[in-house]
Amino acid sequence: MMLSRDRILTTHVGSLPRNETLSDLLISREEGAAIDPAKLALEMDSAVGHVVEKQAEAGIDIGNDGEQQRVGFQTYVPQRIAGFGGESKRRRGRDYEEFPALVEVLKNRFPKRSRMQNAPEAQAELHYLGTAPLQREIERLQRSLTAANVFTETFMTAPSPGIVSTTMLNAHYASHDAYLTALARELRNEYLTIHRAGLILQIDAPDLAMDRAMFYRDLSDADFVRACERHVMAINQAIDGIPRERVRLHCCWGNWDGPHIYDVALERILPVLYQAHVGGLSIELANPRHQHEYDALRRNPLPHHMTLLPGVIDTTTNIVEHPEVVARRLREAVSVVGDRERVIASADCGFGTFTNREWVIEAAVWLKLKSLREGAGIASARLWGRGAA
């Protein structure tokens, strides 16, 4: 994992807003409608080039393709793995069940949506269909990087076996454990392809926190922790052989504008997160419900082989954080880690987790990322005792 050797580096969690034309094409493809592949390819070329350029302008050090080529961070999986069909009946988070007015707000704000609650289910033995679609994603990103000559390092995201298992529900395997094993086996193809392309692999695993209030809501906290241990085991099986410094893990409580009063405390899950064979840990810490969670990191110190990617920018509000706010949050992160080199400034979650479901307008996204860089510069000047780069 990269270190902030001379200044605090900047990154983000992955997804960035997609334009309306691309969004419509991605949703149509997901629904199985006939689309013009040449038109989709051109839209993806343009969109990836656009977000790479905007990240560079904002000062992002470790960037990506903004997930412009996917309909959602995990719901694209059935397009690449055979064995899915029908429709899952995934429950909403407790926020939406306990506060039904939120559902109405959601419907009004996002009349179009990708398949989040009704994604396909596993109905047969899973089988990875081949790396060609992923290779095209990687090649498109690399072309944009060559044209722009940007980023110190580049990453690409992929969902964890656990979040796939709790989104695309099991209707075939004898147990959830067997389903996780199959997913780890097949998603390993995705992980290895990203790694072999020379990119940092980011595994998105909101199941390790968010699913306490969704899939695992009926368990005790202790039983949820045990379930998370099994999910982390699946991650470790899938990334076996990939150097931990080339993998980072993202964990969050769900990227929505809700009360979040049923979120599991970070302290309960930190020991489980530390079991992952990864070099970087991305945690949501700008969300007002979790800004105090630095205390959990003080009581459960980050392992020396891990870098912390604290979320210091909220991804559910259009308020642009002042650079001094970012700097203050980063200095607190450095104080709990005890090592300025093992902190990389990041956002809480993705800005475009699902197509046509962006809480933050695009203009504010680039301002937030610019503020992220400026705040990291302020913190660097104070931590290194000199002018920020």
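Above this text sits the structure in question.
Residues numbered from 1 in each chain as written. Predicted model: local features only at pLDDT ≥ 70, side-chain atom pairs only at ≥ 80, totals over all residues. Heavy atoms only, no water.

Peer 1: Describe the overall build of the chain, and please don't skip the residues or the numbers.
Peer 2: Along the chain, the regular secondary structure elements total twelve helices and eight strands. Scaling as 2.2 N^0.38, a compact globule of 389 residues should have a C-alpha radius of gyration of about 21 Å, and the chain matches this with 19 Å. Taking the principal axes of the C-alpha coordinates as reference, the chain spans close to 60 × 50 × 45 Å. Here the chain holds 389 residues, and the buried ones make up 60% of them. (Helix = DSSP H or I, 4+ residues; strand = E, 2+ residues; numbered from the N terminus. Rg over C-alpha atoms; globule rule 2.2 N^0.38 Å. Buried < 20%, exposed > 50% of the residue type's maximum accessible area, 1.4 Å probe, protein only.)

Peer 1: Quick rundown of the sheet that holds strand E4 (residues 153-159)? Include the residues and the values.
Peer 2: The strand order E1-E4-E5-E6-E7-E8 describes an open sheet built from six strands, whose pairing is parallel. Strands at the two margins of the open sheet, each flanked by one partner only, are strand E1 (62-63) and strand E8 (307-310). One ladder, built from five bridges, connects E4 with strand E5 (residues 200-204); its direction is parallel. What sits directly across from phenylalanine 155, in E5, is isoleucine 200. Its contacts with the sheet place helix H9 (residues 266-273) against strand E6 (247-251) and strand E7 (280-283), and it is angled at close to 160° to E7. (Pairing = 2+ DSSP bridges. Contact = heavy atoms within 4.5 Å. Axes fitted to C-alpha atoms, helices over the stretch in contact; angles between N-to-C directions.)

Peer 1: So, empty space enclosed by the protein: which residues are in play, and what are the values?
Peer 2: The full count for this structure, using the stated rule, is one cavity of 30 Å³ or more. Together, 28 residues line the largest cavity, and Phe73, Met210, Asn255, Thr353 and Phe354 are the ones closest to its centre. (1 Å grid on protein atoms, 1.4 Å probe; cavity = no way out; pocket = protein on both sides within 12 Å on 5 of 7 lines; lining within 4 Å. Points joined across faces, edges and corners; volume = space filled by probe spheres on them.)

Peer 1: Residue-level account of the pattern of salt bridges, with values.
Peer 2: Scanning the model with the defined rule gives 28 salt bridges in all. Glutamate 57 is the salt-bridge partner of lysine 54, the closest N and O atoms lying 3.4 Å from each other. Pair noted here: lysine 54 and glutamate 57 are both in helix H2 (residues 37-58), with a separation of three residues, about one helical turn. Between aspartate 177 and arginine 230 there is a salt bridge whose closest N-O contact spans 2.2 Å. With a gap of 53 residues between them, aspartate 177 in helix H7 (residues 176-196) and arginine 230 in helix H8 (residues 221-238) connect regions that are remote in the sequence. In this structure arginine 230 comes out as buried when scored by relative accessible area, which is 15%. When salt bridges with common partners are traced through the structure, they connect Arg70, Arg80, Glu137 and Glu190 into a single cluster. (Salt bridge = Lys/Arg side-chain N within 4 Å of Asp/Glu carboxyl O.)

Peer 1: Go over helix H4 (residues 101-109) with me, naming the residues and quoting the values.
Peer 2: Among the residues of H4, those classed as buried are Leu102, Val103 and Leu106. Taken around the axis of H4, the buried residues stretch over an arc of 100°, which confines them to a single face. Away from its buried face, by an angle of more than 90 degrees, H4 presents the exposed residues Ala101 and Asn108. As for H4, its buried residues are in contact with helix H3 (94-98). (Arc of directions from axis to C-beta.)

Peer 1: Just give me the short version of the environment of aspartate 24, but keep the residues and values in it.
Peer 2: Within the fold, aspartate 24 resides in helix H1 (residues 20-30). A relative accessible area of 30% means that aspartate 24 is categorised as partly exposed. When the C-alpha atoms of aspartate 24 and alanine 58 are compared, they prove to be 27 Å apart, with 34 residues separating the residues in sequence.

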